[in-house]
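# Remarks on the overall topology
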Amino acid sequence: MINMDQAPSATLAIGIEQRLSAPRTGLFGLQHLLALTGIWIFPVLIGQSLQLSQVQVSYIVQGCFLMTGIITVLQSSRLLKLPIVQGPTAGFFVALSAAGATFGLGTAFGSMMVAGLICMALSIPIKQFGLFGHISKLSSSPIVFGTLFVIIGAQLASIGVSGWFGVSGTPGYGAPNFWVSVVTVITVLGCLIFGGNSVVRRAAIVWGIAAGTLVAAVAGLWTPSGAGSVPLVHAPTWLPFGFGVEWSVVVVMMLAFFQAGAESAGMYSLVGSWGGQRVGLSRTNRGLFTEFFGTTVGSLFGGIGTTSYPENAGIVRVTGVGSRFVTAAAGGAAIVLAFIPGISLFIAGLPSPVLSAASTILFGIIAMSGVQLLSTVEWDDLNLAVAAPAFIIALGLQFLPASIMAGISPSVAAIVGSPMMLGIIMLVVLHLIVNVGIRPMLERGRPADAVPPAVTALAVPPSSNV
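Just so you know, these numbers come straight off a predicted model, no measurement behind them. (Residues numbered from 1 in each chain as written. Predicted model: local features only at pLDDT ≥ 70, side-chain atom pairs only at ≥ 80, totals over all residues. Heavy atoms only, no water.)

## Quick notes on the nonpolar core
Formed by 114 residues in total, the largest nonpolar core has its most connected members in I41 and M253. The greatest single-element share of this core, amounting to 14 residues, is contributed by helix α11 (residues 247-274). The residue makeup of this core includes at least three contributed by each of domain 1 (22-158 + 239-348) and domain 2 (378-399 + 412-439). Not counting the four nearest positions on each side in its chain, M253 is found in contact with F92, A95, L96, A99, A108, S111, M112 and A115. With five residues, the next largest nonpolar core counts L20, F28, V321 and V326 among its residues. (Core = buried A, V, L, I, M, F, W, Y, C linked by side-chain atoms within 4.5 Å. Buried < 20%, exposed > 50% of the residue type's maximum accessible area, 1.4 Å probe, protein only. Helix = DSSP H or I, 4+ residues; strand = E, 2+ residues; numbered from the N terminus. Domains from an automatic or database assignment. Contact = heavy atoms within 4.5 Å.)

The following block contains the structure:
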């Protein structure tokens, strides 16, 4: 029997509290920066969906660098004290895109700030006052987040492939852009397949973007623009889209915080175990409070909300370098990049077909990560009752008739119209009702030697033509 009071065994070659030489710290820190694919993709996709200018997109990129850097430095230093790297997450990307289309980005980011303040209060790391750690541990079941990741991947599918051909009326629209997109996808897949346990595989999305951009430039379909028109050093822009608050969007953002926080809590525990450390509830709340604080501050500069990146945790595990001073250096570098607007403007101007192609693979990985989680679920009738309605209803509401959606208030539509937001509400509620509430009662009433009911409701005879 495992003694839960003992710390787990360390599996890292370089421990969490160990320091490396400056060159090695910089090298491993660079690997962590290259794995932050959300900074390269999400701001530009928000810009495409909301028809933002290149300069406006660069504001979001700068905000992301700033937010990522602040949180990563705080997590790696005196607060969480773990080699955790934070970066923009798909949950906030979806929430900001949906809210921005309905209410404008000023209201989307303003509502994210308010939601962040509320979540900070729920995770305040003082004795037992941090409720968020309790909540996230209660509902971070594979059936909840596995199904949610599949929903997110399915929701984002329409964004990726449709952009492979570029935008009508722009250079290369159609077949030329399509072949650039194919090069991007092949490069990403090649790095994933043949990259081994190296930065080649961990930063596959970045290498794909680099290859696709190079091909687009050589073919005359893209030229870098604007980077020389801005100051060499300039602070991120304060409230670049204005400020507003819409309470339905606050609810949506709180759900995004919930998803990101629960994912981060699991990552804290996992990474801590590699370093021989047990991450308890108080420490988890301390990390979540830091994450929510950083996201709240970053929202004032247009940054997309973050979570702990599994790609960066993978780098820690594969290289065996768990030094929190390495991830702190990566966070410091991100803060520096936030003050160099030319880099953000360059990223904002990357070819849209290339980013669409790279995002297609990224969104597929998100969906398949959900499938991987769901493979650990015991699919009895009770678990089907949790996942099946949440999955199909959340995705199905995208296809409500326009006349019905027109009659729904914007506040309600902000939730109903987002599969991810509706999905997490349904999954958490159904999981708590069915698995936390009903399942124990049924098991208490079942004889000890009884066989659990099999899943028969959806059985299809072998000879069926369905």
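Now that the structure is up, let's keep going.
## Some remarks on the environment of M120
Of note, M120 is situated in helix α5 (residues 105-122). Linking M120 and G294, residues 174 residues apart in sequence, is a C-alpha distance of 10.0 Å. Ignoring anything within four residues of it in the chain, the contact list for M120 reads F289, F292, F293 and T296.

## Structural notes on helix α7 (residues 142-160)
Between its first and last C-alpha, α7 extends 26 Å over 19 residues, near the 27 Å set by a 1.5 Å rise per residue. In terms of residue burial, α7 counts as a mostly covered element, since 14 of its 19 residues are buried. (Expected span 1.5 Å × (residues − 1).)

## Re the packing of helix α1 (residues 22-34) against helix α13 (residues 310-319)
Interhelical geometry of α1 versus α13 gives an angle of 140° and a closest axis separation of 9 Å. The handedness of the crossing between α1 and α13 comes out as right-handed. Residue-level inspection shows F28, Q31 and H32 of α1 in contact with α13, the latter providing N312, I315, V316 and T319. Within the contact of α1 with α13, the residues separate by chemical class into three nonpolar, four polar and no charged. (Axes fitted to C-alpha atoms, helices over the stretch in contact; angles between N-to-C directions. Left-handed = near helix turned anticlockwise from the far one by under 90°. Nonpolar A, V, L, I, M, F, W, Y, C, P; charged D, E, K, R; others polar.)

## Topic: a nonpolar patch on the surface
Nonpolar side chains collect at one region of the surface, where L189, L192, I193, F194 and I365 lie side by side and expose about 500 Å² of accessible area between them. Per-element accounting of the nonpolar patch gives the leading share, four residues, to helix α8 (residues 175-194). According to the relative accessible area criterion, I193 is exposed, its value standing at 60%. (Patch = residues over 30% accessible without salt bridge, like charges linked within 9 Å, V, L, I, M, F, W, Y side chains within 5 Å. Areas by Shrake-Rupley, 256 points an atom, 1.4 Å probe, with all protein chains shown as cover. Salt bridge = Lys/Arg side-chain N within 4 Å of Asp/Glu carboxyl O.)

## A few points about the packing of aromatic side chains
What the rule picks out here adds up to 11 aromatic pairs. Considering the side-chain rings of F92 and F257, the 4.9 Å spacing of their centres and the 85° angle between planes classify their relative orientation as edge-to-face. In this pair, F92 is assigned in helix α4 (residues 90-103) and F257 in helix α11, connecting sequence segments 165 residues apart. F257 carries the same exposure label as F92, and that label is buried. A connected cluster of aromatic rings, assembled from ring pairs, spans W164, F165, F178 and W179. Cation over ring: R19 sits above F325, and NZ or CZ is 3.9 Å from the ring centre. Directly above the ring of W274 sits R317, whose terminal nitrogen or CZ lies 5.8 Å from the centroid. (Phe/Tyr/Trp six-rings, centres within 6.5 Å; stacked < 30°, edge-to-face > 60°. Lys NZ or Arg CZ within 6 Å of the ring centre and 35° of its normal.)

## Things to note about unusual backbone geometry
Even without a glycine there, the phi angle at Q51 is positive, about 55°. You can see Q51 is positioned in the loop between α2 (37-50) and α3 (54-76). Residues other than glycine seldom take positive phi values, yet L239 does so here, at roughly 45°. Within the secondary structure, L239 is located in the loop between α10 (204-218) and α11. Of the residues examined, L239 reaches a relative accessible area of 27% and is grouped as partly exposed.

## Brief notes about the side chain of S111
On the secondary structure map, S111 appears in helix α5. With residues up to four places along the chain from it excluded, the contact list for S111 reads G244, V245, E246, V249, V250 and M253.

## Examining the confidence of the model for the chain
With 90% of its residues at a pLDDT of 70 or more, the chain shows a mean pLDDT of 85. Across residues 1-7, where pLDDT falls below 50, the model places four contacts with residues more than four positions away in sequence or in other chains. Note on residues 455-466: pLDDT under 50 across the span, and six contacts to partners over four residues away in sequence or across chains. (pLDDT = per-residue confidence, 0-100.)

## Topic: the pattern of salt bridges
Tallying each qualifying case throughout the model produces two salt bridges. R439 is the partner of D380 in a salt bridge, and the nearest nitrogen-oxygen pair spans 2.7 Å. Of the two residues, D380 is situated in the loop between α16 (352-374) and α17 (381-396) and R439 in helix α20 (residues 419-445); the sequence distance between them amounts to 59 residues. Accessibility assignment for this pair places D380 and R439 in one class, buried.

## Here's the deal with α5
With 18 residues, α5 should cover 26 Å at 1.5 Å per step; its first-to-last C-alpha distance of 25 Å lies within 8% of that length. Burial analysis of α5 places 14 of its 18 residues in the buried class, the great majority of the element.

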